[in-house]
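The residues making up each chain are set out below.
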Amino acid sequence: MTENEIIRIIARDCRAKKLRFYAKVYTGRLHKGQERILDGMAFTQEYARMRSIGYEIKVSRADFLQDKKWPDYLPACNSFYFVCPPGIIRPADLPPDIGLYWVEEGGLTLVKRSGRRVVQPEDLQNVLKSIVINRCETERQKTAIMTKRMNRVEKEIEELKQKNHDLHKALYNAQEDLYLFMHPEENVQRKKRRSMNE
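Remember, predicted model here, so these are calculated numbers, not experimental data.

Along the protein chain, the regular secondary structure elements total 4 helices and 6 strands. Helices (α) and strands (β) of the protein chain occur, in sequence order from the N terminus, as α-β-β-β-α-β-β-β-α-α. In the protein chain, which comprises 198 residues, the share counted as buried stands at 31%. Partitioning the intrachain contacts of the protein chain with sequence separation of at least 6 by distance along the chain shows that 51% fall at a separation of at least 24. Carbon and sulfur atoms form 54% of the exposed surface of the protein chain, whose accessible area is close to 13700 Å².

Among the 6 residues of strand E5 (residues 99–104), 5 are classified as buried, and the element is accordingly described as predominantly covered. By the bridge criterion, 4 bridges tie strand E4 (residues 79–84) to E5 in an arrangement that is parallel. Across the sheet, Tyr81 pairs through a bridge with Gly99, a residue of E5. Judged from the 5 bridges that link them, E5 and strand E6 (residues 107–112) form a sheet pairing that is antiparallel. Of the residues in E6, the one forming a bridge with Val103 is Leu108. Remark: 2 residues form the turn of the hairpin made by E5 and E6, two consecutive strands paired antiparallel; Glu105 in that turn has positive phi of roughly 50 degrees.

Our next topic: the pattern of salt bridges. Under the criterion given, the structure shown has 11 salt bridges. With its nearest N and O atoms 2.9 Å apart, the salt bridge here joins Arg61 to Asp93. Pair noted here: Arg61 is in helix H2 (residues 61–66) and Asp93 is in the loop between E4 and E5, with a separation of 32 residues, a long-range link. The shortest N-O distance in the salt bridge between Arg117 and Asp97 comes to 2.3 Å.

What follows concerns the environment of Arg117. Relative to the helices and strands, Arg117 resides in the loop between E6 and helix H3 (121–182). Between the C-alpha atoms of Arg117 and Asn78, which are 39 residues apart in sequence, the distance is 4.8 Å. Discounting chain neighbours no more than four positions away, the residues touching Arg117 are Leu74, Cys77, Asn78, Ser79, Asp97 and Ile98.

Another point: the environment of Gly106. When you line up the elements, Gly106 lands in the loop between E5 and E6. The spacing of Gly106 and Glu5 is 101 residues in sequence and 9.1 Å in space, taken between C-alpha atoms. If we ignore the near neighbours within four places in the chain, the residues touching Gly106 are Ile9 and Arg12.

One finds Met41, Phe80, Phe82 and Ile89 to be the most contacted residues of the largest nonpolar core, which totals 23 residues. Looking at this core, the elements that each hand over two or more residues are strand E2 (34–43), E4, E5 and H3. Apart from residues no more than four positions distant in its own chain, Phe82 is found in contact with Glu56, Lys58, Phe64, Trp70, Ile89, Leu94, Ile98, Gly99, Leu100 and Tyr101. By size, the runner-up hydrophobic cluster in this structure holds 17 residues, among which are Ile6, Ala11, Ile57 and Val83.

If you trace the backbone, Ser79 turns up in strand E4. Here the side chain of Ser79 touches Arg51 through a polar contact of 3.5 Å, side chain to side chain. Excluding residues within four positions of it along the chain, Ser79 makes contact with Arg51, Ser52, Ile53, Gly54, Ser114, Gly115, Arg116 and Arg117.

In this section: the side chain of Asp67. Position of Asp67 among the secondary structure elements: in the loop between H2 and E4. At 2.7 Å, the side chain of Asp67 and the side chain of Lys58 are in polar contact. Dropping the residues within four chain positions of it, Asp67 is found in contact with Glu56 and Lys58.

Cut-off values and rules
Residues numbered from 1 in each chain as written. Predicted model: local features only at pLDDT ≥ 70, side-chain atom pairs only at ≥ 80, totals over all residues. Heavy atoms only, no water. Helix = DSSP H or I, 4+ residues; strand = E, 2+ residues; numbered from the N terminus. Buried < 20%, exposed > 50% of the residue type's maximum accessible area, 1.4 Å probe, protein only. Contact = heavy atoms within 4.5 Å. Areas by Shrake-Rupley, 256 points an atom, 1.4 Å probe, with all protein chains shown as cover. Pairing = 2+ DSSP bridges. Salt bridge = Lys/Arg side-chain N within 4 Å of Asp/Glu carboxyl O. Core = buried A, V, L, I, M, F, W, Y, C linked by side-chain atoms within 4.5 Å. Polar contact = N/O pair within 3.5 Å; in protein donor to acceptor, adjacent residues only side chain to side chain.

Honestly, that's just the spatial picture; any functional story needs more than this.
As structure tokens, this is what we get:
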């Protein structure tokens, strides 16, 4: 099972719980000069009492054992869960306030519930900023793609108009040729008039 597959499962679970889910969220914290990116974060849709839930995905036990950066995500999360295939992480591997989901049969199974923690306002603000910036960038990219598609459609419409014009012209000429074929005397008269004009 891949990380992207698990992200889609988390997103589906969050929709069912009426949570807003965002994948690959920048936390604003740095580790060895690199920005920390949380695999997923969800928010309750209650602005007065908004709660943030962090998700860190692991697809191998070695990845979990080598990961020393995940505590950096906690200040922005009211709750924090690891998400993995069954058995990769066990409840005994985790501190008391860290939760665990196993991915089973295309869904999430709660193995250990996360404790509640108080977020650090600055950390949460950085997360929300990154979400807004990424959303704006996504919308900008969508607008650019739609503009490109519209330009291509307009070009295709112009090409179809030209083809339609050429088709009407060819049809008119064919009707004219058929008429002259059916009325040879008219063809002769036209040739006479043409030669007189020349």
